[in-house]
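# Fold and contact review
Listed below, chain by chain, are the residues.
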Amino acid sequence: MARGESEKLPAFFYRLSPASQRAYLRSDSIGKFDLAPTPQVLRSADLLMKTLVEGRPAAIGMAARQLADELCRLLRVPPISIEVRGVRPHDQRGELHGIFYRTRPPRIVLWMRTAQRHQTVKPRTFIRTLFHELGHYFDYTVLRLGDSFHTRGFFQRESSLVRALLPADEAGAIRDSDQSGGDEARR
Ligand SMILES: [Zn+2]
């Protein structure tokens, strides 16, 4: 996807190293993963939706790991450790939905309850956060970008996973209103 002339690159882009600038531009140009959903991965996504409605932490953790494993298998990369915790940490800027740690081995932490009222996060929001954090992992492993930025292409890839694996929501809308809030990638 070509960047229109009206769409400027963020100011920080010009402070990046040449290698990181190349990673940014390449990330921005890729709108989806090369992935054909299998019955197993669709079943795993469906199971995770159901466990989130039921709200039992152990079942949610197991289902999230199963879905992540299926996606890693489809994209031919090693599985990644997924930990599901309770109430989201928060500060003045908002709530933290999830974190990708680029450690060895890499891992992802997701929170299943809102900071304000301790309610279970909406299933689509939780799964979108899982896809978001996996997106950071896939930037390094599947796309081999060497860096992971929140480019327009990054969010398009996240949305393409939502479209491929989750049923359309009631309004038929693709985007959740609160999509991708409160994420941090830590190294
Ligand atoms: Zn992120």
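Residues numbered from 1 in each chain as written. Predicted model: local features only at pLDDT ≥ 70, side-chain atom pairs only at ≥ 80, totals over all residues. Heavy atoms only, no water.

Contact geometry of helix H2 (residues 39-54) with helix H4 (residues 123-141) gives a least axis separation of 9 Å together with a crossing angle of 130°. Between H2 and H4, the interaxial angle falls into the category oblique. Crossing angle aside, the handedness with which H2 passes H4 is right-handed. Residue-level inspection shows Ala 45, Leu 48, Met 49, Leu 52 and Val 53 of H2 in contact with H4, the latter providing Pro 123, Arg 124, Phe 126, Ile 127 and Leu 130. A per-class count over the contact of H2 with H4 returns nine nonpolar, no polar and one charged. (Axes fitted to C-alpha atoms, helices over the stretch in contact; angles between N-to-C directions. Helix = DSSP H or I, 4+ residues; strand = E, 2+ residues; numbered from the N terminus. Parallel < 35°, antiparallel > 145°, perpendicular 65-115°, else oblique. Left-handed = near helix turned anticlockwise from the far one by under 90°. Contact = heavy atoms within 4.5 Å. Nonpolar A, V, L, I, M, F, W, Y, C, P; charged D, E, K, R; others polar.)

Summed over the entire model, instances satisfying the criterion amount to ten aromatic pairs. Ring geometry for Phe 33 against Phe 138: centres 5.4 Å apart, planes inclined by 80°, an arrangement best described as edge-to-face. Of this pair, Phe 33 sits in the loop between helix H1 (18-29) and H2 while Phe 138 is found in helix H4, placing the two residues 105 residues apart along the sequence. The two residues Phe 33 and Phe 138 agree in class, both being buried. Grouped by ring-pair contacts, the aromatic residues Phe 12, Phe 13, Tyr 14, Tyr 24 and Phe 149 constitute a single cluster. For the cation-ring pair, Arg 107 lies above Tyr 101, with the distance from its terminal atom to the ring centre recorded as 4.3 Å. (Phe/Tyr/Trp six-rings, centres within 6.5 Å; stacked < 30°, edge-to-face > 60°. Buried < 20%, exposed > 50% of the residue type's maximum accessible area, 1.4 Å probe, protein only. Lys NZ or Arg CZ within 6 Å of the ring centre and 35° of its normal.)

As a further point, take the pairing of strand E4 (residues 98-101). Put simply, side chains in a regular strand alternate between the two faces of the sheet. Every second residue of E4 is oriented toward a common face, with Gly 98 and Phe 100 on one face and Ile 99 and Tyr 101 on the other, all of them buried. Of the pairings in the sheet, the one linking E4 to strand E5 (residues 107-113) comprises four bridges and is antiparallel in character. By the bridge assignment for E5, Phe 100 is matched with Ile 108. With antiparallel pairing between neighbouring strands as the criterion, E4 and E5 make up a hairpin whose turn holds five residues. (Pairing = 2+ DSSP bridges.)

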